Amino acid sequence: MSFNHLASELPAWAKLQKLYESKGKAIDLRKAFDADPKRFESYSRAFTGQKTDAALLVDVSKNLIDDEIFASLLDLAREAKVEEQRDAMYAGERINSSEDRSVLHIALRDLPGAFGSKAEGVDEVKGELAHMKSFSDAVRSGAHKGYTGKAIKSIVNIGIGGSNLGPLMVTEALKPYAKRDLAAHFVSNIDGTHMVEALRQCDPETTLFIVASKTFTTQETITNATTARDWFLKTAGSKEHVSKHFVALSTNVKAATDFGIAEQNMFKFWDWVGGRYSLWSAIGLSICLVIGYDNFEQVLLGAHDMDEHFKSAPLEQNIPVILAVIGIWYNNFFGAQSYAQLCYDQYMHRFAAYFQQASMESNGKGVAKNGKPVNYETGEILWGEPGTDGQHAFYQLIHQGTKLVPADFIAPVETHNPTGQHHDILLSNFFAQPEALAFGKTEEEVKAELSTEDQGNSFLVKSKIFSGNRPTNSIMIQKISPAGLGALLSMYEHKIATQGFIWNINSFDQWGVELGKVLAKKILPSLTGEKGVDGHDSSTTGLINYYLKNRKQ
Ligand SMILES: O=P(O)(O)OC[C@H]1O[C@H](O)[C@@H](O)[C@@H](O)[C@@H]1O
């Protein structure tokens, strides 16, 4: 496959630029809906899992598109060879070229063996899942005992980035399925506060530490794990007790062994699993512990159902592809600076944080695969908080500010907690916000609601106008069930991959996180007195000296 091009050199790109100028930027959603009573039918797609209860409705009708623009966006995907790149990914080709690796998180959830992906380790996936099952069953049932013979009551997942955000987000999203008498803590930050506050709630006799690190070299995780081990040994005394209380999830068996993790306590995965795509691997062990293996398997199968859809649906029907090209429409042609993910479900409160890594680490790249700097914007800046909290915080800017913020609204049809009218009220907001954003409120409508005197107050009138034409996608999921969540996560993963394919960047490396790490390691010796503060710019030197002079301990 030739990657010797920039996305902006593709014919569809130039066509979309023309379409944006000639009509895209002036599309009026009120008129578009008035003109086409079937707009919702034409621009919404339903997804039903083949093997699970996952079910989604994705409505993209409230976007600034028409049939010609939509077709051209899909042409862009076609010209960028999205389908061929997808197939190469599924086959196990080393599409992560800067690291010379396959990208096979889809193989972790291909329990039916549908894709025949080839890479070293794919045939070990089921064995690792069996290990996760037997271990999580033993901990949950109380068969696995701590060093004084007591069952485990708390788990502490120690990991950062992909080794934290996925398990944290999923265990929160699927809390209704959780074993409530097993407390789960997630410690990621190197700030000692994070570990100290978690340990305050734990008893060494009944706590299991899960050291989650793909590389097993990440400074935060190794430091936190060492602190946890010291804390444990202070009470437990002998190192031989460590094996009952510490397990490791890693691709680096040697480093985990060096840390003192016994082989039977190691859960392996492979270099073709990117950190931000790893919740489906051994990194999902804390998910298994919290919701049980069978539910975890449903998460995998729900994702697999979406993997099948992404693999086989024609582009016009392909939900991840549709979401990807619509994102590109705003990112690259309207110049949108960011994009919001707004979940109308309290359990999903870490969803946007999780997809910040998935999207921004994947697509925050400035070099195309031909080695040339891109001459267009890449990665979407993703942010969001759950509705309705967000409504009372930042929606003002989305409704009336000067910036275009395309947004995905996500809500479950069924709630896990039917309580009075709560869910209907929540959903009335979920329906109302995109409606208000799309159709706004005209000057005439504003005036009609004002007294004659206020109608003459032009500042008041203008302040109450909503311009409308602010685009949104509405995504309804039947229920935040394990399989439903799995499908939703896979949908967004493939959206992100599709965008990377179109921008012709490598969505699967993350060199951008390296420089800061290297510099922090260089600075540390000057904070511990092993080295003087030299070799930095005057700002960095000044800041370090300020810290050294003013610190108390
Ligand atoms: O699991 P690890 O190896 O500890 O890495 C944790 C994180 O480190 C870096 O920030 C990046 O490489 C992330 O993609 C990764 O998720």
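Below: a short report on this structure. Worth saying up front: this structure is predicted, and the values here are computed from it rather than measured. (Residues numbered from 1 in each chain as written. Predicted model: local features only at pLDDT ≥ 70, side-chain atom pairs only at ≥ 80, totals over all residues.)

A word on the site of the ligand. Neighbouring the ligand are 15 residues, the closest being G161, G162, S213, T218 and G275. Classifying every residue of the shell around the ligand gives 2 nonpolar, 10 polar and 3 charged. (Near = placed C-beta within 6 Å. Nonpolar A, V, L, I, M, F, W, Y, C, P; charged D, E, K, R; others polar.)

Nonpolar side chains in soluble globular proteins generally cluster together in the buried interior. In terms of nonpolar packing, the biggest core is built from 146 residues, with L56, L76, I210, V325 and I502 touching the most fellow members. With 12 residues, helix 22 (residues 482–503) is the single largest residue contributor to this core. What V325 contacts, discounting residues up to four positions off in sequence, is L73, L74, L76 and A77. (Core = buried A, V, L, I, M, F, W, Y, C linked by C-beta atoms within 7 Å. Buried ≥ 20, exposed ≤ 12 C-beta atoms within 10 Å, placed from the backbone. Helix = DSSP H or I, 4+ residues; strand = E, 2+ residues; numbered from the N terminus. Contact = placed C-beta atoms within 7 Å.)

Helix-helix packing is characterised by the crossing angle of the two axes and by the distance between the axes. It is at 8 Å that the axes of helix 1 (residues 11–22) and helix 4 (residues 67–79) come closest, and there the two elements cross at 155 degrees. As far as their axial angle goes, helix 4 and helix 1 are roughly antiparallel. The element helix 1 and its partner helix 4 pack so that their crossing is left-handed. On the side of helix 1, the interface is formed by P11, A12, W13, K15, L16 and L19, while helix 4 contributes E68, I69, S72, L73, D75, L76 and E79. Each residue belonging to the contact of helix 1 with helix 4 can be placed in one class, and the counts come to 8 nonpolar, 1 polar and 4 charged. (Axes fitted to C-alpha atoms, helices over the stretch in contact; angles between N-to-C directions. Parallel < 35°, antiparallel > 145°, perpendicular 65-115°, else oblique. Left-handed = near helix turned anticlockwise from the far one by under 90°.)

Paired through backbone hydrogen bonds, the strands of a sheet run either parallel or antiparallel to each other. Read from one edge of the open sheet, 5 strands run 4-3-5-6-7, paired in parallel fashion. Of all strands in the sheet, those with a lone pairing partner are strand 4 (183–187) and strand 7 (266–268), marking the two edges. Taken over all neighbouring pairs, the strand axes of this sheet differ in orientation by 20 degrees on average, direction set aside. As defined by bridge partners, strand 3 (residues 154–158) adjoins strand 5 (residues 207–212) across 5 bridges and the pair is classed as parallel. Bridging across to strand 5, V156 finds its partner in F209. (Pairing = 2+ DSSP bridges.)

Turning next to the sheet that holds strand 10 (residues 407–414). Read across the sheet, 6 strands follow the order 1-2-11-10-8-9 without closing on themselves; strand pairing throughout is mixed. With one partner strand each, in any of the chains shown, strand 1 (44–48) and strand 9 (382–383) form the two edges of the open sheet. Relative to strand 9, strand 8 (residues 339–343) runs parallel, the two sharing 2 bridges. Paired with Y339 across the two strands is L382, which belongs to strand 9. The sheet strands contacting helix 15 (residues 319–334) are strand 1, strand 2 (55–59), strand 8 and strand 11 (472–479), and the helix crosses strand 1 at an angle near 145 degrees. Against the sheet, helix 18 (residues 422–439) touches strand 10 and strand 11, its axis set at about 155 degrees to strand 10.

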